[in-house]
Number of protein chains: 2
Amino acid sequence: MRLQQSQLKTGSRIPSDALQRAWIALGRVSQSVQCDVENRLKKAGFPELSWYTVLWELERAGKPTRPRDLAIPLFIKPYQLSRLVDRMEAEGLVKRIQCKEDGRGHMLEPTPKGFALRKEMWGLYAPAMGEAMKKLSDAEALQLATLLNKLGGIEHVDCADKS
Amino acid sequence: MRLQQSQLKTGSRIPSDALQRAWIALGRVSQSVQCDVENRLKKAGFPELSWYTVLWELERAGKPTRPRDLAIPLFIKPYQLSRLVDRMEAEGLVKRIQCKEDGRGHMLEPTPKGFALRKEMWGLYAPAMGEAMKKLSDAEALQLATLLNKLGGIEHVDCADKS
DNA sequence: GAGGTTTCGTTGCGTTTGCAACAATCTCAG
DNA sequence: CTGAGATTGTTGCAAACGCAACGAAACCTC
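How each quantity is defined
Residues numbered from 1 in each chain as written. Chains lettered and ligands numbered in written order. Predicted model: local features only at pLDDT ≥ 70, side-chain atom pairs only at ≥ 80, totals over all residues. Heavy atoms only, no water. Near = heavy atom within 4 Å. Polar contact = N/O pair within 3.5 Å; in protein donor to acceptor, adjacent residues only side chain to side chain. Helix = DSSP H or I, 4+ residues; strand = E, 2+ residues; numbered from the N terminus. Contact = heavy atoms within 4.5 Å. Buried area = accessible area lost by both parts, 1.4 Å probe. Salt bridge = Lys/Arg side-chain N within 4 Å of Asp/Glu carboxyl O. Nonpolar A, V, L, I, M, F, W, Y, C, P; charged D, E, K, R; others polar. Buried < 20%, exposed > 50% of the residue type's maximum accessible area, 1.4 Å probe, protein only. pLDDT = per-residue confidence, 0-100. Least-squares fit on C-alpha atoms with pLDDT ≥ 70 in both. Axes fitted to C-alpha atoms, helices over the stretch in contact; angles between N-to-C directions. Parallel < 35°, antiparallel > 145°, perpendicular 65-115°, else oblique. Left-handed = near helix turned anticlockwise from the far one by under 90°.

What follows is about the protein's contact with DNA strand D. Near DNA strand D there are 21 residues, and of these Gln 80 and Arg 87 of chain A together with Arg 68, Arg 96 and Arg 104 of chain B occur at the shortest range. Each atom of DNA strand D within 4 Å of the protein belongs either to a base or to sugar and phosphate, the latter forming 64%. Contacts to DNA strand D include Lys 77 of chain A, whose side-chain N or O atom sits 3.1 Å from a phosphate oxygen. Counting residues per element, the ones that place at least two in the surface near DNA strand D are α4 (78-90) of chain A together with α3 (67-74) and α4 (78-90) of chain B.

Next up, the structure:
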């Protein structure tokens, strides 16, 4: 069950030791830092990061945007976004507005309260992120980002299945 | 809201651009590869990775083990593990056996079916992991693991809050 | 423009999660 | 021994999730 040093060919059945180590570290560390930041937000009475992300995506878009145009950067499935928006709308953070070009969908737009919340959250999110990542220098962080992006590919998007 | 190139001092309020990039990449890529592997397992009719991990931890321990001795490597809270074991026990994969030294707890032990399942899962898990990580060379994977471990610290364990 | 296919987004339902409260046992000081 | 406090693990409940099925509009082909 332990490591198999050399693979006969690419895509062989047992990942190398290095790959296994990277895999394990990726799972543990990402969860650890993610939870760390989420916990700080929660402790301060803020909603989860996904709410922030939706608000930020909408704000960055600068105009009412359809759900499917947000889904990709969010890595979530349509029905997840649908319910997320339900909750955010119930809290008065976003509005669904009718979409004239396409009768199926609608546009999403943050309310003033939504803008305000995002900004407020950033006040805590930013330092929390800094805190979670503080063990890396800028150079190391850049190196990490490069490796991760190579691993993931920029395009490799779906969390939904793809076969 | 964009990048702030230089921080006045460590732990400043706005993370550097490099840190932000690393943070984003970490969230996206880890989720992407994790989901990728989980989807392959699910599609083959296997249970989630957490089941594998429990079985593997127990098997590696080589003897009946108490839940609290598994919790740390699993990064999960006691009640999560409790219910996870409920389900696994219901499927006949692990047994709870009475613990003589401590009347509160119990020992966990995989059943033969549990051993068999873990082995069977590895047959798919291993190549799936290799597939998910195939864009990195061994050298890059090692580099990635090193950076991640530095970021997370080996000891920095809890997903539960720690303050 | 009728009928099939695809896309967009939602929903019903059963499962899983998170939180806070809890029982039971252990530990240890006095 | 006794009672305060800590540790171990579970549970009730409400919220959130995953999946598959769905309605509705768009698209496309004939």
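There is more to say, and it comes next.
The interface is formed by 67 residues belonging to chain A together with 69 residues belonging to chain B. Between chain A and chain B lies a buried interface of about 6,600 Å² when both sides are counted; carbon and sulfur atoms form 68% of it. Taken together, the links from chain A to chain B amount to 2 salt bridges. One salt bridge in this structure joins Lys 150 of chain A and Glu 140 of chain B, with 2.7 Å as the shortest N-O distance. In this structure, the connection of chain A to chain B is made through 8 residue pairs in polar contact (both at pLDDT 80 or more). Considering every element that reaches the side of chain A that touches chain B, the biggest residue donor is helix α1 (residues 17-43) of chain A, with 21 residues. When grouped by side-chain class, the residues that make up the side of chain A that touches chain B number 35 nonpolar, 17 polar and 15 charged.

Lining the immediate surroundings of DNA strand C are 21 residues, of which Arg 68, Arg 96 and Arg 104 of chain A together with Gln 80 and Arg 87 of chain B lie closest. One of the side-chain N or O atoms of Arg 104 of chain A is found 2.5 Å from a base oxygen in DNA strand C. Within the contact set of DNA strand C, a base oxygen lies 2.8 Å away from a side-chain nitrogen or oxygen of Arg 83 of chain B. Counting residues per element, the ones that place at least two in the surface near DNA strand C are α3 (67-74) and α4 of chain A together with α4 of chain B. Of the residues contributing to the surface near DNA strand C, the split by class is 4 nonpolar, 5 polar and 12 charged.

A separate point is the side chain of Gln 20 of chain B. Residue and element names in this part refer to chain B. On the secondary structure map, Gln 20 appears in helix α1 (residues 17-43). On the accessibility criterion, Gln 20 (10% relative accessible area) is buried. Within polar-contact distance, the side chain of Gln 20 engages the backbone oxygen of Pro 15 at 3.3 Å.

With that settled, the discussion passes to the confidence of the model for chain A. Residues and elements named next belong to chain A. The predicted model of chain A has a mean per-residue pLDDT of 88, with 86% of residues at 70 or higher. Within chain A, α3 has the poorest average pLDDT of any element, 83, and strand β2 (residues 106-110) the best, 97. Considering only residues more than four positions removed or in separate chains, one finds that residues 155-163, a stretch of pLDDT under 50, has 16 contacts.

Between chain A and chain B, the superposition needs a rotation of 180 degrees and an axial shift of 0.0 Å, giving an RMSD of 0.1 Å. Each copy turns onto its partner about a two-fold axis. Interface residue correspondence from chain A to chain B reaches 99%, placing this contact among same-surface, isologous pairings.

Here the focus is the packing of α1 of chain A against α1 of chain B. Here α1 of chain A crosses α1 of chain B at 125 degrees, and the two axes come no closer than 10 Å. Of the possible angle classes, the one that applies to α1 of chain A and α1 of chain B is oblique. Judged by the sense of rotation from one axis to the other, the crossing of α1 of chain A with α1 of chain B is left-handed. Listed contacts from α1 of chain B to Trp 23, Leu 26, Gly 27, Ser 30, Val 33, Gln 34 and Val 37 of chain A of α1 of chain A are Trp 23, Leu 26, Gly 27, Ser 30, Val 33, Gln 34 and Val 37 of chain B.

Another aspect to go through is the pattern of salt bridges. All names here are of chain A. Counting across every chain of the model gives 22 salt bridges over all chains. Linking Asp 17 and Arg 21 is a salt bridge whose minimum nitrogen-to-oxygen distance equals 2.9 Å. In this pair, Asp 17 and Arg 21 both sit in helix α1, 4 residues apart, roughly one turn of the helix. The class of Asp 17 is buried, set by a relative accessible area of 14%. What makes Arg 21 partly exposed here is its relative accessible area of 46%. With its nearest N and O atoms 2.8 Å apart, the salt bridge here joins Arg 104 to Asp 102. Look at the salt bridges and you will find they share partners, linking Arg 66, Asp 102 and Arg 104 into a network.

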